[in-house]
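Working through the structure, step by step
If you want the building blocks of each chain, they are given just below.
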Amino acid sequence: MPELSDVHNEFIRAEIEEFILDENEQRHIVQMYAKISPQMQDIAATIIDGDNHLSDELTKKALDGGVEAIQIMDNGLIAGMAIVGIKFRENFIFVPEVLACARAMKAGMAHIEPILSAAGIEPIGKVIMGTVKGDLHDIGKNLCIMMLRGAGFEVIDLSVDVSPEMFIEAFEQNSATVIGMSALLTTTMPNMGVTIEAFIDEGLRDDVRFMVGGAPVTPEFAEDMGADAYGANAVECVEVAKRLAGETQTATA
Amino acid sequence: MAQETGEIKTMTPRQRVLAALRREPVDRTPVCNPTSVATVELMDLVGAHFPAANRDPEKMALLAQTGHTELGFDTIMPVFSIIQESSALGCKMQWEGKDNWPTVKMAEPIWSEPQDIVIPPDLLKHRDTQCVLEAIKILRKRFGDDVCIIGKTMGPWSLAYHTIGVEKFLLMSLDDPDKTRRVLDKLKKVTIDFGMAQIEAGADALTLPDHATGDLVSGDYYDRYLKEMHIEFVSDIPIPLILHICGRTVDRMDYIAQTGMAAFHYDSKNGPGESMAEVKGRIALVGNINNPETLYSKGPDSVQEEVWKNLDAGVPLVGPECAIPLQTAIENLKQIPLAVKQWHKEKAGRT
Ligand code: B12
Ligand SMILES: [Zn+2]
């Protein structure tokens, strides 16, 4: 069983000790990091620290040194994001800090993405995300997108004020299997159900899984409107998306 | 614990609210709506609907007064949204329809650097700031000195969200504190000028929303960027100010209590007891009936329960936590003043 002392990077060790307080979660994170090379841990640290310049620099250096793009993404960038998500969920950091981490992730991904797509490497799933019609709140949705990308999903972001027709159009144009809808207003929450209805009317409902979230949305409300899953925060959003993407893969297989 | 009763003569709603804002004795706890009580049902009742009720002073006044005439609140608040001055600053707007609030298209911000910020000289002549000023005048004339009329002027932090974009502004706050302060410094003129104009139009008190909420930023941020500026507002604006920040705020209430503001409008994510303990009598709390779960989804009994929790904790002004959902049932809103009166009948004097 790996111990905290098996994590090479001192900054990451301190982060884990200070912020990952749930025992199971800590064991899981330590296990993950103990297997990661010191060089990749340095990259993960730039994400946790929200340092986009260093993330850019170290990612480039690692690629130049012959490390595979997918390695850097999984063991550097995504591993870093895992700690960021937990710190945010537990209120150790707030939105500005998470935005800085996202910016660092983006700086690294700018080098990785072209290589992965040229090599034809598939993302772990494709998700369409949008804030529903009449609603312009997008901070929470954007954090979810960032964590989804950070977990290896390809995300099509429809932005805000997204009508049912726009969700359908995006679904038909992209081979996504999961749609995530966000709503922050009680006045716009019903538009989630309206969108699901529209998919039923078009005969598309069985081809897609819906996940929903946003402050006023509850698991009960999600069930009432016929969604497949509810997620309370960005970390849960990733878990739910993985589960739903798995379901659709077995369903179509 | 609660306010004294008994010896105090019956007050008018205005006297009651202003006394509570000064933390002086009242005949009974006032019911207050520092953000908005507009609902679709009330719009239908008086024929003043969104979006017109946000842009036409007569309709704005008509819808606002239902807070007093239909619901029985002690205050009237004519500003149902947070966008009037942003529209006057030139932000791109989405006015929406009857069943949704208007909003600023924040994906298309108008400024990005402090030097971009130019407050239009005719800010207060713009139709969307004028509308508020005219509505306050109409209401003052219609209700005389009987009811407390509350205006609303947005703080610089919220104005920065609208004009620069939330994410860009929040990143700036992390990257460049100096630049952030310059932005806030330039925007505070809007807060003061619009506030002063509303006083002249007849407002008795002003709500000052400035969304440095626990859902977005740390409590330390409030201390770092806003406390001093809010203290300045108190000395520059000569009527009671009600700071509004929704979300979890207990971690910054101590700072908020140091600003000298008359009141803090607090959210149901904070318990009445813990909040009262945090502010220690330095500022009056207003709140904190939950919107989505209680007022919107439950019935009068649950509303009463939450009102009483506030009264039991000694909260001096009671009302919804923030702009209430537009589909909220009138019955639930009427229950707030009823529950306050009932509490005083049953409990006051025994505490
Ligand atoms: C910031 C904010 C704004 C910003 C929006 C900026 C932006 N670009 O998003 C501004 C100031 C511009 C704004 C405007 C308005 N707002 Co506003 N706003 C908020 C505030 C303070 C925080 C919301 C937020 O970003 N939270 C932080 C993020 C990280 O949390 P989150 O969104 O919940 O997301 C997390 C989870 O929910 C989940 N999640 C989110 N989406 C999804 C999706 C999926 C698929 C999954 C699985 C999970 C998931 O993961 C996220 C990350 O952990 C809330 C108050 C509050 N306490 O929530 C009010 C609030 C949402 N606003 C409210 C209102 C009324 C408005 C306005 C109507 C005001 C007005 N004009 O008068 C406008 C509406 C504009 C519109 N049409 O959309 C009310 C809504 C009330 C109601 N009953 O409906 C709230 C609740 C305030 C209140 N207490 O009453 N607002
Ligand atoms: Zn609010």
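Keep in mind that what you see is a predicted model, and the values were worked out from it rather than measured. (Residues numbered from 1 in each chain as written. Chains lettered and ligands numbered in written order. Predicted model: local features only at pLDDT ≥ 70, side-chain atom pairs only at ≥ 80, totals over all residues. Heavy atoms only, no water.)

This paragraph deals with the interface of chain A and chain B. Put simply, an interface is often sized by how much accessible area is lost when its parts join up. Between chain A and chain B, the residue contacts involve 17 residues of the former and 27 residues of the latter. Between chain A and chain B lies a buried interface of about 1,800 Å² when both sides are counted; carbon and sulfur atoms form 66% of it. Between A:Arg103 and B:Asp175 there is a salt bridge, with its nearest N and O atoms 2.8 Å apart. Linking chain A to chain B there are 6 residue pairs in polar contact (both at pLDDT 80 or more). Looking at the side of chain A that touches chain B, the elements with two or more residues in it are α6 (95-118) and α7 (139-150) of chain A. The biggest single contributor to the side of chain A that touches chain B is α6(A), with 6 residues. (Contact = heavy atoms within 4.5 Å. Buried area = accessible area lost by both parts, 1.4 Å probe. Salt bridge = Lys/Arg side-chain N within 4 Å of Asp/Glu carboxyl O. Polar contact = N/O pair within 3.5 Å; in protein donor to acceptor, adjacent residues only side chain to side chain. Helix = DSSP H or I, 4+ residues; strand = E, 2+ residues; numbered from the N terminus.)

Residues and elements named next belong to chain A. Of the volumes computed, that of the second largest pocket is approximately 520 Å³. Lining of the second largest pocket is provided by 20 residues; of these, His 28, Ala 82, Ala 151, Val 238 and Lys 242 occupy positions nearest its centre. Among the elements of the structure, α2 (23-34), α5 (69-89), α7 and α11 (234-252) are those that each provide at least two residues to the lining of the second largest pocket. Among the elements that line the lining of the second largest pocket, the one with the most residues is α5, at 7 residues. Per-class residue counts for the lining of the second largest pocket are 13 nonpolar, 3 polar and 4 charged. Shared between two domains, the lining of the second largest pocket takes at least three residues from each, and those domains are domain 1 (4-118) and domain 2 (125-252). (1 Å grid on protein atoms, 1.4 Å probe; cavity = no way out; pocket = protein on both sides within 12 Å on 5 of 7 lines; lining within 4 Å. Points joined across faces, edges and corners; volume = space filled by probe spheres on them. Nonpolar A, V, L, I, M, F, W, Y, C, P; charged D, E, K, R; others polar. Domains from an automatic or database assignment.)

Let us now look at the packing of helix α1 (residues 10-19) of chain A against helix α3 (residues 38-48) of chain A. Residue and element names in this part refer to chain A. Put simply, α1 and α3 touch, their axes get as near as 9 Å, and they point 50° apart. Between α1 and α3, the angle falls in the class oblique. With respect to the hand of their crossing, α1 and α3 are arranged in left-handed fashion. Listed contacts from α3 to Phe 11, Ile 12 and Glu 15 of α1 are Gln 41, Ala 44, Ala 45 and Ile 48. Classifying every residue of the contact of α1 with α3 by side-chain character gives 5 nonpolar, 1 polar and 1 charged. (Axes fitted to C-alpha atoms, helices over the stretch in contact; angles between N-to-C directions. Parallel < 35°, antiparallel > 145°, perpendicular 65-115°, else oblique. Left-handed = near helix turned anticlockwise from the far one by under 90°.)

All names here are of chain A. Among all positions of helix α8 (residues 164-173), only Pro 164, Phe 167, Ile 168, Ala 170 and Phe 171 are buried. Viewed along the axis of α8, the buried residues span an arc of 165°, placing them on a single side of the element. When the buried face of α8 is taken as reference, the exposed residues oriented beyond 90 degrees from it are Glu 165, Glu 172 and Gln 173. Considering only its buried residues, α8 is in contact with β1 (126-131), β3 (178-182) and α9 (190-201). (Buried < 20%, exposed > 50% of the residue type's maximum accessible area, 1.4 Å probe, protein only. Arc of directions from axis to C-beta.)

One donor from the polypeptide reaches the cobalt atom of ligand 1: A:His137 (NE2), at 2.3 Å. Relative to the helices and strands, A:His137 resides in the loop between β1 and α7. (Donors = N, O, S within 2.8 Å, 3.2 Å for Na, K, Ca; no water.)

Consider a sheet: its strands pair through backbone hydrogen bonds, and that pairing is either parallel or antiparallel. Residue and element names in this part refer to chain B. Spatial strand order, β1-β4-β5-β6-β7-β8-β9: 7 strands in an open sheet with parallel pairing. Each edge of the open sheet is held by one strand with a lone partner, namely β1 (75-76) and β9 (317-320). Across 4 bridges, the pairing between strand β8 (residues 284-289) and β9 is parallel. Bridging across to β9, Val 286 finds its partner in Leu 317. Sheet strands in contact with helix α8 (residues 177-201) are β4 (148-152) and β5 (205-209), and its direction is about 155° off that of β5. Packed on one face of the sheet, helix α9 (residues 219-236) meets β5 and β6 (241-244) and runs near 160° to β6. (Pairing = 2+ DSSP bridges.)

Moving on, we come to the state of the cysteines. Residue and element names in this part refer to chain B. Evaluation of the coordinates by the stated rule reveals 0 disulfides over all chains. No disulfide involves Cys 32; its sulfur sits 6.6 Å from the nearest other cysteine sulfur, which is in Cys 148. Since its relative accessible area comes to 0%, Cys 32 is described here as buried. (Disulfide = S-S within 2.5 Å.)

Further remarks concern the sheet that holds strand β5 (residues 229-230) of chain A. All names here are of chain A. Spatial strand order, β2-β1-β3-β4-β5: 5 strands in an open sheet with parallel pairing. The open sheet terminates on both sides in strands that have one partner only, identified here as β2 (154-157) and β5. Sitting on the sheet, α9 touches β3 and β4 (209-213), and the angle it makes with β3 is about 155°.

With respect to spatial proximity, 45 residues lie near ligand 1, and among them A:Leu136, A:His137, A:Asp138, A:Thr186 and B:Asp215 are the closest. Residues near ligand 1 are shared among chains A and B, making this a multi-chain site. The backbone of B:Ile82 places a nitrogen or oxygen atom 3.3 Å from an oxygen atom of ligand 1. A distance of 3.0 Å separates a nitrogen atom of ligand 1 from a polar backbone atom of B:Pro102. Of all the elements in the fold, those that place two or more residues in the shell around ligand 1 are α7, β3, β4 and α11 of chain A. Sorting elements by how many residues they give to the shell around ligand 1 places α7(A) first, with 4 residues. Residues that form the shell around ligand 1 fall into these classes: 24 nonpolar, 16 polar and 5 charged. (Near = heavy atom within 4 Å.)

Here A:Glu197 shows up in helix α9. In the structure, A:Glu197 is positioned 81 residues away from A:Leu116 in sequence and 36 Å away in space, judged by C-alpha atoms.

It is worth spelling out the domain arrangement of chain A at this point. Residue and element names in this part refer to chain A. Taken domain by domain, chain A holds domain 1 (4-118) and domain 2 (125-252). If you average the C-alpha positions of domain 1 and of domain 2, the two centres end up 26 Å apart. Counting residues at the interface gives 11 residues for domain 1, matched by 10 residues for domain 2. Interface of domain 1 and domain 2: buried area, both sides summed, is about 870 Å²; carbon and sulfur atoms make up 85% of it. For the pair domain 1 and domain 2, the interface holds 0 salt bridges. Seen at the junction of domain 1 and domain 2, the total is 0 residue pairs in polar contact (both at pLDDT 80 or more).

The subject of this paragraph is the coordination of the zinc ion (ligand 2). Residue and element names in this part refer to chain B. Each protein donor to the zinc ion (ligand 2) is listed here as His 244 (NE2), Cys 246 (SG) and Cys 322 (SG); together their distances run 2.1 to 2.4 Å. Between consecutive donor residues of the zinc ion (ligand 2), the sequence gaps follow H-x1-C-x75-C. Placement of His 244 in strand β6 and of Cys 322 in the loop between β9 and α14 (330-346) is noted, with a sequence separation of 78 residues between them. Residue classification places His 244 among the buried positions, given a relative accessible area of 1%.

Quick look at the pairing of β8(B) now. Residues and elements named next belong to chain B. Burial of β8 is extensive: 6 of the 6 residues sit out of reach of the surface. Here 4 bridges tie strand β7 (residues 263-266) to β8, and the two strands are oriented parallel to one another. Across the sheet, residue His 265 finds its bridge partner in β8, namely Val 286. The β-α-β motif built from β7, the intervening helix α11 (residues 272-279) and the parallel element β8 has right-handed crossover chirality. (Right-handed = clockwise from strand over helix to strand, strands pointing away.)

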